[in-house]
Amino acid sequence: MSVNVDIEIARPGDDSYVEAAWELKERIRQTEDVLKQRKGFFTDAYRRSTVYLLVTRDGADEHLMGFSAVRRDGYILFLAVSPEFRGEGVGKRLVGQVAENHDSITCHARASNQNALGFYEHLGFEVERHIQNYYEDGGDAYYLKLGGSGGLTEKLSDFMRG
């Protein structure tokens, strides 16, 4: 039996997969000390966003590979990829989904999260500014941006082909 990978989209107000997304976020938080949001904040933000999800299906077995929760303006609130699917293009596919609907994409990344910063830099994001004490725990962040000059979709398409 083959494994299928599907892209699911939860529109604002739709909380399908919210528990699976919370569980993935918490698993990452516990092992990597990132994505430290409280459940109330997370679920509220999830329900207000458009959430792109990559889901594997093998018969009745379903597994969340990763997700990206995005505001109307192209700001990524959450991007999480299950550790067992990292390096397989999941994050790139999720950002690609966002790029299809926005001229520019922005996000914050914890200044100490070298994995995230390297990932975003690899995709062509640029650091717009460094923000001290951005996170509730006092952690610093970088505000990152991709696109804005009208060439985001083309730039990402070239990257995805290359």
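A brief report on the enclosed structure follows.

### A closer look at the overall build of the chain
Here's step 1: A tally of helices and strands in the chain yields 5 helices and 7 strands.
Here's step 2: When the helices and strands of the chain are read in sequence order from the N terminus, they spell out β-α-α-β-β-β-α-β-α-β-β-α.
Here's step 3: Across the 162 residues of the chain, 43% fall into the buried class.
Here's step 4: In the chain, the share of contacts with a sequence separation of at least 24, taken over all contacts with a separation of at least 6, comes to 61%.
Here's step 5: Counting only carbon and sulfur atoms, one obtains 43% of the accessible surface of the chain, whose full area is about 8,900 Å².

### Observations regarding the pattern of salt bridges
Here's step 1: Evaluated as defined, the whole model comprises 13 salt bridges.
Here's step 2: Taking the shortest distance from any N to any O, the salt bridge between Arg86 and Glu32 comes out at 2.6 Å. Here Arg86 is found in the loop between strand E4 (75–81) and helix H3 (90–99), whereas its partner Glu32 is found in helix H1 (residues 18–32), with 54 residues between them in sequence.
Here's step 3: Judged by its relative accessible area of 35%, Arg86 is partly exposed.
Here's step 4: For Glu136, the salt bridge identified is with Arg38, shortest N-O distance 2.2 Å. Here the residue Glu136 occupies a position in the loop between strand E6 (126–131) and strand E7 (141–147), and Arg38 occupies one in the loop between H1 and helix H2 (39–48), the gap between them amounting to 98 residues. Across the pair, Arg38 and Glu136 agree in class, each one exposed.

### Examining the sheet that holds E7
Here's step 1: The strand order across the open sheet built from 7 strands is E1-E2-E3-E4-E5-E7-E6, with neighbouring strands paired in mixed fashion. One side of each edge strand has no neighbouring strand; the edge strands of this open sheet are strand E1 (4–10) and E6. Taking each pair of neighbouring strands and ignoring which way they run, the sheet shows an average axis angle of 30 degrees.
Here's step 2: Summarising the sheet, strand E2 (residues 50–58) and strand E3 (residues 61–70) pair through 9 bridges and their orientation is antiparallel. Paired with Leu53 across the two strands is Phe67, which belongs to E3.
Here's step 3: Relative to the sheet, H1 contacts E3 and E4, its axis offset from that of E3 by approximately 80 degrees.
Here's step 4: Of the strands in this sheet, E1, E2, E3 and E4 touch H2, which is tilted by about 115 degrees from E4.

### Side note on the pairing of E4
Here's step 1: Burial analysis of E4 places 6 of its 7 residues in the buried class, which makes it a mostly covered element.
Here's step 2: Sheet topology places E3 next to E4; 5 bridges connect them, and they run antiparallel. Bridge pairing in E4 places Val70 opposite Ile76.
Here's step 3: What sits between the antiparallel neighbours E3 and E4 is a turn of 4 residues, in which Gly74 has the positive phi angle 90 degrees.
Here's step 4: Bridging between E4 and strand E5 (residues 104–110) involves 2 bridges; their strand directions are parallel. Within E5, the residue paired with Tyr75 across the bridge is Thr106.
Here's step 5: Handedness of the β-α-β unit built from E4, H3 and E5 comes out right-handed.

### Overview of the packing of aromatic side chains
Here's step 1: Taken as a whole and judged by the stated rule, the model has 8 aromatic pairs.
Here's step 2: Ring geometry for Trp22 against Phe42: centres 5.5 Å apart, planes inclined by 55 degrees, an arrangement best described as tilted. Of the two residues, Trp22 sits in helix H1 while Phe42 sits in helix H2, which places them 20 residues apart along the sequence. Residue Trp22 shares its accessibility class with Phe42, and that shared class is buried.

Conventions adopted
- Residues numbered from 1 in each chain as written.
- Predicted model: local features only at pLDDT ≥ 70, side-chain atom pairs only at ≥ 80, totals over all residues.
- Heavy atoms only, no water.
- Helix = DSSP H or I, 4+ residues; strand = E, 2+ residues; numbered from the N terminus.
- Buried < 20%, exposed > 50% of the residue type's maximum accessible area, 1.4 Å probe, protein only.
- Contact = heavy atoms within 4.5 Å.
- Areas by Shrake-Rupley, 256 points an atom, 1.4 Å probe, with all protein chains shown as cover.
- Salt bridge = Lys/Arg side-chain N within 4 Å of Asp/Glu carboxyl O.
- Pairing = 2+ DSSP bridges.
- Axes fitted to C-alpha atoms, helices over the stretch in contact; angles between N-to-C directions.
- Right-handed = clockwise from strand over helix to strand, strands pointing away.
- Phe/Tyr/Trp six-rings, centres within 6.5 Å; stacked < 30°, edge-to-face > 60°.

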